[in-house]
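# Structural features, examined
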Amino acid sequence: MTAVALTGCELGGSSDSSENSASNTERNGEPTAIYGLCDDVIYTDEIESVITEDWSSGGAELFSEDCLAVNCEGFIYLSEPSGICFNDRDNADSYDETEMSFSGISDEKLQNYKRVNVGETFCGLTLKSAHTNFQKKSDVYFMPDGTQKTAAELGFPKILFAGGECEFDGELTLEGYACAVTEDVYGISAGDIIFVPGNGCTLPVMSYNFDKDAGFYHDFSTNANFGMVWANEYGTVYLGNTESASADISCLPKDGTFVKVRVTVKNIVMRSGVEFGDFVDAEISDIKTI
């Protein structure tokens, strides 16, 4: 499972190009005390805005180690997908209905993050824009020996990382299941088109969790809604809404049930915050049942 998870797609010809891009970029700013998920130092010329201890806000000229929040632009941290996406229809032989779980799904905390800069290609898509956020954290964690440590004392240089969002140029053709929701449910509106990726999905993974022992990671999660159960590396994937879709979506059932589809998507936007969920939005170029 580990080997598969680390080799899901190629990054613009050289799989390590984004790992080195931070050091290869010409810098006009000064290094800060902030580190990214690849242990890359953040520079002042990458800072879009800051909020200080006295709630002043402005640009990089206000930066100090005591800033409450620092918002950067021009780069994001992504992971190559494993391509492993199970559901209770295509993978019924692996699904345990009683436990609502799938055999063969790893519980490993994956840390294969790569820094991707605007203009670089990742998994067949070109990064169009990116915003990455860092925050001062006062969380207290209980250690195995009974002592307590604050977030800053845990020994992870990138402890201030908080999440981000990004947008891509390009199109991807994916297979999976889609449904058009018929009524409002928590966090989802009537008419929203929900997509569950199928095996072999090539979407980049943008997901951030934190563990006091392992640090930042992403993993596989199991979800159930609208009559289907699935497990993959993604959060909720939205393909627009039936009221605003420009493509022919007549293949989607009117009763809100899932149907297996091949879909081409564009204008892909991803956002994720540490422990606050992962979301993908994309526009349908073409969709057909399979």
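Here, every reference points to the structure presented above.
So, how was this worked out
- Residues numbered from 1 in each chain as written.
- Predicted model: local features only at pLDDT ≥ 70, side-chain atom pairs only at ≥ 80, totals over all residues.
- Heavy atoms only, no water.
- Helix = DSSP H or I, 4+ residues; strand = E, 2+ residues; numbered from the N terminus.
- Rg over C-alpha atoms; globule rule 2.2 N^0.38 Å.
- Buried < 20%, exposed > 50% of the residue type's maximum accessible area, 1.4 Å probe, protein only.
- Contact = heavy atoms within 4.5 Å.
- Lys, Arg positive; Asp, Glu negative; His and termini not counted.
- Charge placed at Lys NZ, Arg CZ, Asp CG, Glu CD.
- Pairing = 2+ DSSP bridges.
- 1 Å grid on protein atoms, 1.4 Å probe; cavity = no way out; pocket = protein on both sides within 12 Å on 5 of 7 lines; lining within 4 Å.
- Points joined across faces, edges and corners; volume = space filled by probe spheres on them.
- Nonpolar A, V, L, I, M, F, W, Y, C, P; charged D, E, K, R; others polar.
- Salt bridge = Lys/Arg side-chain N within 4 Å of Asp/Glu carboxyl O.

### Topic: the overall build of the protein
- Assigned secondary structure in the protein consists of 2 helices and 24 strands.
- Rg of the C-alpha trace for the protein: 20 Å, near the compact-globule value of 19 Å for 290 residues, within the 12% margin.
- Counting over 290 residues, the protein shows a buried share of 44%.
- The contacts in the protein between residues at least 6 apart in sequence include a share of 71% that link residues at least 24 apart.
- For the protein, the distance from the average site of its 17 positive side-chain charges to the average site of its 49 negative ones is 3 Å.

### Re the pairing of strand 20 (residues 221–225)
- Across 5 bridges, the pairing between strand 20 and strand 21 (residues 228–232) is antiparallel. Counterpart to Thr222 in the pairing with strand 21 is Ala231.
- The hairpin formed by strand 20 and strand 21 contains 2 residues between the paired strands, and Phe226 there has a positive phi angle of roughly 50 degrees.

### Brief notes about the sheet that holds strand 7 (residues 86–87)
- Spatially, 3 strands are ordered 7-21-20 in an open sheet, and the strand pairing comes out antiparallel. Single-partner strands in this sheet number two, and they are strand 7 and strand 20.
- Looking at chain direction, strand 7 and strand 21 are connected through 2 bridges and run antiparallel. By the bridge assignment for strand 21, Asn87 is matched with Trp230.

### Digging into empty space enclosed by the protein
- On inspection of all chains with the given rule, the structure shows 2 cavities of 30 Å³ or more.
- Considering only enclosed or pocket space, the largest cavity measures out at about 40 Å³ in volume.
- Among the elements of the structure, strand 22 (236–241), strand 23 (259–273) and strand 24 (278–289) are those that each provide at least two residues to the lining of the largest cavity.
- Here the lining of the largest cavity gets 3 residues from one element, more than from any other, and that element is strand 23.
- Per-class residue counts for the lining of the largest cavity are 10 nonpolar, no polar and no charged.
- Space inside the second largest cavity adds up to approximately 30 Å³.
- For the second largest cavity, the full set of lining residues is Met206, Glu233, Tyr234, Gly235, Met270, Asp278, Phe279 and Val280.
- With 3 residues, strand 24 is the single largest residue contributor to the lining of the second largest cavity.
- In terms of residue class, the lining of the second largest cavity is made up of 5 nonpolar, 1 polar and 2 charged.

### So, unusual backbone geometry
- Even without being a glycine, Met100 presents a positive backbone phi close to 50 degrees.
- Locating Met100 in the fold gives a position in the loop between strand 8 (95–96) and strand 9 (101–102).
- For Phe226, which is not a glycine, the phi torsion comes out positive at approximately 50 degrees.
- As for its placement among the helices and strands, Phe226 is situated in the loop between strand 20 and strand 21.

### Remarks on the pattern of salt bridges
- Taken as a whole and assessed by the stated rule, the structure comprises 12 salt bridges.
- We note a salt bridge from Asp213 to Lys212, for which the minimum N-O separation is 3.4 Å.
- Accessibility expressed as a relative area gives 52% for Asp213, which makes it exposed.
- Given the relative accessible area of 22%, Lys212 is considered partly exposed.
- Each of Asp40, Glu46 and Arg115 takes part in one network of salt bridges that share partners.

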